[in-house]
Every structure is written in C-alpha cells, then in structure tokens.
Amino acid sequence: MIGDRRTPTALIGAATFGIGEAPGFTSMDLASRAALAALEESGLSLSQVDGLFIALPNDFLSGLSFAEYLGIQPKLTNNNRTGGSAFLTQMNVAAHALAAGEIDVALVAYGSNQRTGVGGLVSAAGPNLYEKPYSPRLPVSGYALAASRHMHEFGTTRDHFYAVAKTAREWAMLNPEAFLRKPLSREEYDNARMVSDPLSVLDCCLVTDGAAAAVMVRKDWADGRTAAYLLGVGEATDHYQIAQMPDLTTSAAKASSARAYAQARITVSDIDVVQLYDAFTINMILFLEDLGFCKKGEGGDFVASGAIGPGGQLPVNTNGGGLACVHPGMYGLFTIVEAYRQLTGTAGDRQVAADLAVAHANGGFLSSQVTAVLGSAATL
Amino acid sequence: MQATRPDKEYLEFLAQGRFMLQRRRPDATPFFYPRVAEPGTGSTDLEWIEASGFGTVHATTVVRVRPPQADYNVAIVELDEGPRMMSRIEGVAAADVRIGMRVHTRIVPFEDHHAVIFVPLDGETPTEELQP
C-alpha cells in the first residue's frame with residue numbers, strides 16, 4: 001500500500017570525505033572517495049551498484065559523469081535537483097526502486113570543493129526578472145526575510161539565533177571531523193559582520209569542501225550487517241522564490257514531517273536524535289517548530305533552553321551541522337550520514353543513546369522540505 | 001486581453017507607467033508574478049487589471065555592502081489586492097523600514113526596462129534610477 005514502509009530499506013554504509021579543506025581534489029574526486037568509503041563499510045563492491053543517485057553543484061549532468069567516472073553502468077540514474085534536500089528525495093526514489101526490485105544496490109553521493117576549488121558558495125539559482133532589480137543577496141536574503149517575519153510575529157531575537165550558533169560549536173567540539181571546533185562567545189557573535197539583517201556571517205553556514213555518501217539495500221540484504229533502516233520519507237514543496245512562500249513562518253517541513261512520521265508510524269515524542277539542515281540559524285528554529293518538537297513561535301525559547309545541545313533532552317545536529325561541521329554547498333546528505341552514525345553507535349565522543357532518528361533537509365529558499373525517519377534494528 | 005506573453009506585456013505596461021496584475025475573469029483574486037495561467041487552477045481566461053499601488057511591508061532585510069556603496073533594503077510587500085512581491089522600499093533609510101509600514105509604488109528605470117519599487121506613504125521622493 002502506498003505510504004507503507006513495513007518493508008523498509010537499509011543503509012549499510014555511510015561515509016564522509018574531505019570535510020573542511022581538501023585542496024587539489026575536484027568535486028567528483030571527493031564524491032567518489034566518499035562513495036568508495038561507504039561501499040567499503042557496506043562490504044559490497046562497486047560493480048554491485050545498479051542504482052546511482054547524485055547531484056553535484058556545478059555539473060547538471062552529474063548522473064552521467066559520475067557513472068562514467070566510477071566506471072559503472074547503472075540501471076537507474078537519478079540526478080534530481082531540489083537544492084540541498086535533493087539527496088533525501090533521491091533516497092525516497094531509491095527506496096521505492098529497491099522495494100520494487102528494480103535495483104539491488106543504491107549509491108547516493110555528493111561532493112564539492114567549493115572552499116578551495118572555486119573560492120565561494122556555488123549557487124545553482126540566480127535571481128529572475130521579479131527579483132533581480134532588488135539585488136537580494138541570495139540565498140541569505142531569502143532566509144533573512146523569513147527571519148524578519150518570525151521576529152515580528154513571535155518576538156524571536158538574535159539572542160535565540162546566538163543560542164543556535166553557539167550550540168552548533170558545542171557539538172562540533174566533540175567531532176574530530178568538524179571544521180570549526182572552538183566555542184563561540186557572545187562578543188564574537190555580536191561583532192560579526194552583518195550580511196543581510198537580521199543575519200550576520202555567524203548566522204550563515206560554513207563554506208567548506210566535503211563529500212558524503214550512503215549505500216542502500218533491501219532489508220533482507222542487511223541481515224547480519226551493521227545497518228540503519230529507512231522507516232519513512234516525506235517530501236513537500238510549496239514555493240520557490242521567497243516572496244511566493246505562502247507563510248514565511250511555517251515551512252513545508254510541517255507537511256513533509258507529518259508524511260514521514262505517518263509512514264514510519266511514529267509520533268514526534270518517539271524521536272531520540274535529530275539532524276536538521278541548518279543553512280542559517282533561523283532554519284533551526286523554524287524546523288524544530290515545523291517538525292513538531294515545540295509549538296509554533298516557541299522555537300527561540302526552545303533552542304535557548306539548552307535542550308538541543310550536548311546533554312540536552314533532544315540532541316540536534318550532533319556533528320556540528322552546517323554551521324560548524326561542514327557545508328559544501330548542499331548539506332542534505334550529511335544529515336543522513338550523521339543519523340546513520342548515531343543509530344549504528346559509531347559517533348564517538350558525541351554518541352547519544354538513539355534508536356530513532358530524524359534527518360531533515362531543506363532546498364532552495366525554504367522551498368523544498370524532506371524529512372526522513374531512520375531507525376536502528378530495534379525499531380523494526 | 002489574453003495574457004499570452006506575460007513578462008513582455010508586464011514590462012510594456014510598466015514602460016507606460018502602469019503597474020498591472022493578472023487575474024482570472026471575471027473577478028478572481030489577482031496574482032503576481034505574471035504567468036500564462038492562474039497558479040493552482042491553470043485557467044488561461046485572464047485579464048490585466050491596474051494595481052492600486054498600495055501595499056504593506058510584510059518582511060524586510062538590509063543588504064550590507066562594502067563602502068562606498070550604501071546598504072540597501074529588500075522587502076516583501078503584500079499588495080492591497082492580495083499577492084506578495086519582492087521589492088525595495090526607498091525614501092527611508094534601509095534600516096528604518098518596518099514590517100506593517102504602508103507603502104505605495106513608484107515605477108523606476110532598471111537596466112533596459114522598468115521595475116516597481118515602493119516608498120512609504122507620505123515618504124520622500126525616491127531616487128530616479130535603481131542602482132544595485
């Protein structure tokens with residue numbers, strides 16, 4: 001039946017590569033290294049991959065170029081582009097194709113050298129006729145406009161944004177892979193250069209190199225292996241340009257998470273650990289509300305309470321997130337890798353007790369929202 | 001008039017000093033930006049109507065730039081007719097633009113065509129040309 005994931009698919013390998021600075025590598029090199037590391041962890045070989053899923057920032061035919069680079073001839077190639085959420089939409093397709101028996105081994109990968117290679121964030125989206133005259137600094141200004149509205153309606157403040165940025169650093173300090181492993185003082189935060197009010201440079205995600213990959217198979221292939229299980233995926237999109245967003249303070253994450261929870265047959269209180277796409281500090285507040293972890297308008301107080309940090313009641317972005325760990329242009333797949341690591345007990349000093357994880361990714365200007373529910377073997 | 005080439009017709013109206021919106025006939029809520037069909041219904045039975053030019057600031061940001069360029073405003077304006085659009089509020093310091101502020105359109109030259117900006121009601125005269 002549609003929407004039922006009683007026969008879940010399994011992630012049996014997930015890896016990162018080149019987080020931070022990886023000079024000399026192309027984006028494809030980085031994606032390939034992460035892919036090979038994920039395959040090695042899975043115990044499968046490259047030749048067994050028959051479903052390939054990828055979207056590189058500046059290669060619009062990367063489904064073709066990646067297959068050629070790896071030297072494989074996949075039965076199914078998917079290069080869906082919804083911004084940073086693309087990889088979770090691809091996993092949704094992969095899960096269906098696996099369940100249908102169309103493919104046996106799905107490889108999902110991403111890589112970018114945009115810190116050392118091209119010297120700045122690569123954006124696939126430029127302003128159009130109805131945005132260009134006003135020179136919004138995209139993507140930041142899009143999120144800044146949403147933030148202004150949240151502050152207006154709910155009294156959210158930069159104190160709350162600081163809590164998000166500071167907490168990301170606290171997690172990053174527990175993660176040897178993270179790029180920014182130092183605390184963030186209030187003074188440093190307050191003195192940061194404003195980019196598009198109310199967001200300063202320290203409210204924006206990093207620009208780093210990095211790659212991530214995951215290997216997915218049907219559940220029966222995973223028997224006896226270390227695995228995390230994909231219990232549900234929900235997608236939703238309700239606009240593209242920020243001025244067309246139906247409600248600037250409620251994103252389509254409300255709908256995507258409801259779909260994912262229903263598929264996985266869980267409620268929000270069952271969730272042990274959360275990985276969110278924190279492209280900007282406001283995202284964390286919006287998504288915690290929209291995913292149901294607190295009421296609409298209370299996200300600021302929720303993050304300031306310490307709930308989401310190390311030792312808190314709801315660990316969020318345990319790797320340090322896009323704000324402090326890694327952000328090579330599109331972060332979505334890193335939410336999956338970190339969820340996998342938490343569920344398989346391989347997260348080192350930042351490990352939390354978790355059987356049920358949510359990974360949530362955002363694309364465009366709060367435009368595409370995709371929520372994935374993953375569980376340990378105990379949740380099957 | 002049937003809107004068959006929405007961007008082109010929209011810009012031609014602006015060149016005549018008219019800020020026009022599309023709506024489904026006879027009197028559906030107008031939408032923005034211009035399209036070949038009404039979003040959501042796909043109806044192509046459209047007409048152009050002249051906007052009142054009045055709106056309210058719905059969201060606002062100040063884009064910071066390096067001197068000697070001046071910081072500038074980017075806003076989302078909710079038109080009195082209903083739809084929202086990205087624009088810029090001029091005639092007031094970028095940082096003094098407030099959500100809820102009542103504003104009115106000005107049509108200004110931009111590149112080789114025109115664009116709609118807004119000024120506060122009772123505000124000062126804006127600059128003549130949009131300079132990003």
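These lines cover the structure that appears in this document, whether it is placed above or below. (Residues numbered from 1 in each chain as written. Chains lettered and ligands numbered in written order. Predicted model: local features only at pLDDT ≥ 70, side-chain atom pairs only at ≥ 80, totals over all residues. Heavy atoms only, no water.)

## A word on the overall build of chain B
- On a plain count of helices and strands, chain B comes out with 1 helix and 7 strands.
- The dimensions of chain B, computed from C-alpha atoms along their principal axes, are 50 × 30 × 25 Å.
- Residues classed as buried in chain B amount to 52% of the 132 residues present.
- Accessible surface computed for chain B: about 6400 Å², of which carbon and sulfur atoms make up 48%. (Helix = DSSP H or I, 4+ residues; strand = E, 2+ residues; numbered from the N terminus. Buried < 20%, exposed > 50% of the residue type's maximum accessible area, 1.4 Å probe, protein only. Areas by Shrake-Rupley, 256 points an atom, 1.4 Å probe, with all protein chains shown as cover.)

## Some words on the overall build of chain A
- Counting its secondary structure elements, chain A contains 12 helices and 11 strands.
- Taken over the C-alpha trace, chain A has a radius of gyration of 19 Å; the compact-globule value for 380 residues is 21 Å, and the two agree within 12%.
- Taking the principal axes of its C-alpha atoms as reference, chain A extends roughly 50 × 40 × 40 Å.
- Within chain A, buried positions represent 64% of all 380 residues.
- In chain A, the proportion of contacts linking residues at least 24 apart, taken out of those at least 6 apart, comes to 76%.
- Accessible surface for chain A amounts to roughly 12900 Å². Of this, 51% is attributable to carbon and sulfur atoms.
- Side chains of chain A give 26 positive and 36 negative charges; the mean places of these two sets differ by 1 Å. (Rg over C-alpha atoms; globule rule 2.2 N^0.38 Å. Contact = heavy atoms within 4.5 Å. Lys, Arg positive; Asp, Glu negative; His and termini not counted. Charge placed at Lys NZ, Arg CZ, Asp CG, Glu CD.)

## Here's the deal with the packing of aromatic side chains
All names here are of chain B.
- All chains considered together, the criterion is met by 14 aromatic pairs over all chains.
- Taken together, a centroid distance of 5.7 Å and an interplanar angle of 65 degrees make the contact between Tyr 10 and Phe 32 edge-to-face. Taken together, the positions of Tyr 10 in helix H1 (residues 6-15) and Phe 32 in the loop between strand E1 (20-24) and strand E2 (46-50) put the pair 22 residues apart, joining distant regions of the chain.
- Residue Tyr 10 is classed as buried on the basis of its relative accessible area, which comes to 4%. (Phe/Tyr/Trp six-rings, centres within 6.5 Å; stacked < 30°, edge-to-face > 60°.)

## Looking at the side chain of Glu 289 of chain A
Residue and element names in this part refer to chain A.
- With respect to the element layout, Glu 289 can be found in helix H9 (residues 281-290).
- A distance of 2.9 Å separates a polar atom in the side chain of Glu 289 from a polar atom in the side chain of His 150.
- Those residues in contact with Glu 289 that lie beyond four places of it in its chain are His 150, Thr 249, Cys 294, Lys 295, Lys 296, Gly 297, Glu 298 and Gly 299. (Polar contact = N/O pair within 3.5 Å; in protein donor to acceptor, adjacent residues only side chain to side chain.)

## Observations regarding the sheet that holds strand E8 (residues 228-237) of chain A
Residues and elements named next belong to chain A.
- Here we have 9 strands laid out as an open sheet, ordered E3-E2-E4-E7-E1-E8-E11-E10-E9, and mixed in their pairing. At either margin of the open sheet sits one strand with a lone partner, and together these are strand E3 (76-78) and strand E9 (273-276). Going from strand to strand, the sheet's axes swing by 20 degrees on average, the running direction of each strand aside.
- Across 8 bridges, strand E10 (residues 356-363) lies against strand E11 (residues 368-375) in antiparallel orientation. Considered in E11, the bridge of Ala 359 is made with Ala 372.
- Sitting on the sheet, helix H1 (residues 27-42) touches strand E1 (9-20), strand E2 (51-54), strand E4 (106-112) and strand E7 (209-218), and the angle it makes with E1 is about 140 degrees. (Pairing = 2+ DSSP bridges. Axes fitted to C-alpha atoms, helices over the stretch in contact; angles between N-to-C directions.)

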